[in-house]
Amino acid sequence: MSRYQGVSHFIGHTPLIRLQRLSELTGSEILGKAEFMNPGGSVKDRAALGIIEAAEAKGELQPGATIIEGTAGNTGIGLTVVGQSKGYRTVIVIPDNQSPEKIQLLRALGAEVIVVPEKPYKDPGNYNKVAQRLAGERGYFWANQFDNTANRQIHYHTTGPEIWEQTEGRVTGFVASVGTGGTLAGTSTYLKERNPQIASVCADPYGAAMWSWFKNNNLETNDGDSFAEGIGQGRVTKNIEGLNVDEAYRIEDQVAFSIIQQLRREEGLFLGLSSGINLAGAVRFARQRGPGQTIVTILCDSGHKYISKLYNPEWVGKSSLKDLPLDSVL
Ligand code: PMP
């Protein structure tokens, strides 16, 4: 037994970074959990590890098995990184509207990548449904991140306790956007068990149903669209089921975009748009509650995956987004 550990041991235990400008603006500590520092570069390494280890424990994954998943990319990257380290092959089904960087990275890592046209969940051609069907036809293990609650369990067992320890119990609110809902549900369930006063807050992009679900108990999505990848859920997944939040906000892409540009220019943080959505939610919550809060959110992945889009002036120029200063949008 070596005193040193392989790569899966280093998923999680990410730093908690103070966002200087946002903290100053609100008079609260706005803290971001640096999930982009995970080995596969995103918060989804945790879910990948949780799903794989739960399946191993139940005897559902045999050595040399193939794992298949429908993913916006990050879960696929996590499953491939963890899979390579444990001897599993991965087949990743991804919709064609995701950033080319994620598809290139998946192929470079050694995953078999199947790119499918973007289709709504109810359509049999939806990326998730294709993964489920191929799993049945080819005898692969389907990770099923949306409805496999090993996903929220890993956040309950790791992300929640890490935040509690890193803030020495001072955390007053936890904010997250929802892809599968694993991060929001698992982390806030743990934190509320430690202290029921800790608020659970959902930051939702336009065109997703989670804001309407938590606020009005319906799944209305007809209010716009978002460029954020990896989030924007239209149904109540098994990972979200049973979760009650204290507050939910609709977040405009423009606010999230100005936040990630300010962080790049002034704080040396290079992030994807879902991190901006989360931080915009943290600012809304800080302002609603007033100064003196300690609010934690997730820095989900890095800007490297979006250089051809969010950090490409040509792409930005053709989009509805503008490089507006933070003060003008917050
Ligand atoms: N941000 C990004 C960039 C993601 O890839 C994901 C996961 N799809 C999320 C946020 C949301 O995480 P969760 O699935 O735990 O809700």
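Because the structure is a prediction, the values reported are computed rather than measured. (Residues numbered from 1 in each chain as written. Predicted model: local features only at pLDDT ≥ 70, side-chain atom pairs only at ≥ 80, totals over all residues. Heavy atoms only, no water.)

Quick look at the overall build of the protein chain
The condition is simple: Each helix is a run of H or I in the DSSP string that is no shorter than four residues. Each strand is a run of E no shorter than two, and both are numbered from the N terminus. For a compact globule the rule gives 2.2 Å times the number of residues to the power 0.38, and the radius of gyration it is set against comes from C-alpha atoms. Working rule for contacts: check all heavy atoms of both residues, and any pair within 4.5 Å makes them a contact. Two residue types count as positive, namely Lys and Arg, and two as negative, namely Asp and Glu; His and chain ends fall outside the count. For charged residues, the charge sits on one atom: NZ in Lys, CZ in Arg, CG in Asp, CD in Glu.
Along the backbone of the protein chain there are 12 helices and 10 strands. Against the 2.2 N^0.38 benchmark of 20 Å for 330 residues, the protein chain shows a C-alpha radius of gyration of 19 Å, consistent with a compact globule. Considered along the principal axes of its C-alpha atoms, the protein chain spans approximately 55 × 50 × 40 Å. Long-range contacts, defined as pairs at least 24 residues apart, comprise 71% of the intrachain contacts of the protein chain with a sequence gap of at least 6. When the 33 positive and 35 negative side-chain charges of the protein chain are each reduced to one mean point, those points stand 1 Å apart.

With respect to the sheet that holds strand β8 (residues 199-205)
For the record, the criterion: If DSSP finds at least two bridges between two strands, the strands pair. For helices, the axis comes from a line fit to the C-alpha atoms of the stretch in contact; other axes are also lines fit to C-alpha atoms, and the angle between any two N-to-C directions lies between 0 and 180 degrees.
The 6 strands are arranged β1-β2-β10-β7-β8-β9 in an open sheet whose pairing can be described as mixed. Each of the sheet's edge strands pairs with one partner strand only, and the pair in question is β1 (16-18) and β9 (247-251). The mean angle between the axes of side-by-side strands here comes to 25°, regardless of whether they run parallel or antiparallel. In this structure, β1 lies alongside strand β2 (residues 29-34), joined through 3 bridges in antiparallel fashion. Within β2, the residue paired with arginine 18 across the bridge is leucine 31. Strands β2, β7 (173-176), β8, β9 and β10 (294-299) of the sheet are contacted by helix α10 (residues 273-289), whose axis makes an angle of about 125° with β9.

So, the sheet that holds strand β4 (residues 89-95)
Spatial ordering of the open sheet is given by β5-β4-β3-β6, a layout of 4 strands whose pairing is parallel. Whereas interior strands pair on both sides, the edge strands pair on one side only; in this sheet they are β5 (112-116) and β6 (141-142). Bridge count between β4 and β5: 5 bridges; the pairing is parallel. Note on β5: the bridge partner recorded for isoleucine 94 is valine 115. Across the sheet, helix α5 (residues 127-138) lies against β3 (66-70), β4, β5 and β6, angled at about 155° from β3, the strand it touches most.

Considering the side chain of serine 200
Basically, it comes down to this: Identification of polar contacts relies on pairs of N or O atoms within 3.5 Å, with a donor-acceptor requirement for protein atoms, meaning one able to donate a hydrogen and the other able to accept it, and with residues adjacent in sequence counted only if both atoms are side-chain atoms.
For serine 200, the location among the structural elements is in strand β8. Polar side-chain contacts of serine 200 include one of 3.1 Å to the side chain of serine 188.

Looking at helix α2 (residues 44-57)
This is how it is decided: Expected helix span is given by 1.5 Å per residue-to-residue step, counting one fewer step than there are residues.
Under the 1.5 Å per step criterion, the end-to-end length of α2 is 20 Å for 14 residues, consistent within 8% with the ideal 20 Å. The inward-facing, buried residues of α2 abut β2, β3, α3 (74-86), β6 and α6 (150-166). Phi turns positive one or two residues past the end of α2, at glycine 59, with a value near 75°.

Re the site of the ligand
Defined as follows: Whether a residue is near a molecule or strand depends on its heavy atoms: if one lies within 4 Å, it is near. Exposure was quantified through the Shrake-Rupley algorithm and a 1.4 Å probe, taking into account, for residues, occlusion by the shown protein chains and nothing else. Residue type decides the class: Asp, Glu, Lys and Arg count as charged, Ala, Val, Leu, Ile, Met, Phe, Trp, Tyr, Cys and Pro as nonpolar, and the leftover types, Gly among them, as polar.
The immediate surroundings of the ligand are formed by 16 residues, with Lys44, Gly179, Thr180, Thr183 and Ser274 found nearest. Here an oxygen atom of the ligand sits 2.9 Å away from a polar atom, N or O, in the main chain of glycine 181. In isolation the ligand has 390 Å² of accessible area, and contact with the protein removes 96% of it. Its residues placed into classes, the shell around the ligand shows 4 nonpolar, 9 polar and 3 charged.

Topic: the domain arrangement of the protein chain
For the record, the criterion: Here the bounds of each domain stem from an automatic or database domain assignment. Each of two parts loses accessible area, computed with a 1.4 Å probe, when they are put together; buried area is these two losses added. Salt bridges are counted wherever a side-chain nitrogen of Lys or Arg sits within 4 Å of a carboxyl oxygen of Asp or Glu.
As assigned here, the protein chain comprises domain 1 (7-38 + 157-315) and domain 2 (44-142). Computed from C-alpha coordinates alone, the two centres of domain 1 and domain 2 are separated by 24 Å. Of the residues lining the interface, 23 residues belong to domain 1; the matching set on domain 2 comes to 19 residues. Summing both partners gives a buried area of about 1500 Å² for domain 1 against domain 2, and 49% of it is carried by carbon and sulfur. Between domain 1 and domain 2 we count 3 salt bridges in total. The interface formed by domain 1 and domain 2 includes 13 residue pairs in polar contact (both at pLDDT 80 or more).

Comments concerning the packing of α2 against α3
Under the convention used in this document: In these notes the angle categories are as follows: under 35 degrees is roughly parallel, over 145 is roughly antiparallel, 65 to 115 is roughly perpendicular, and the rest is oblique. Should the near helix be turned anticlockwise from the far one by less than a right angle, the crossing is termed left-handed; should it be turned clockwise, right-handed.
Here α2 crosses α3 at 50°, and the two axes come no closer than 8 Å. Of the possible angle classes, the one that applies to α2 and α3 is oblique. For α2 against α3, the interelement crossing comes out right-handed. Contacts from Lys44, Asp45, Ala48, Leu49, Ile52, Glu53 and Glu56 in α2 reach Asn74, Thr75, Gly78, Leu79, Val82, Gly83 and Lys86 in α3. Looking at the contact of α2 with α3 residue by residue, the classes come out as 5 nonpolar, 4 polar and 5 charged.

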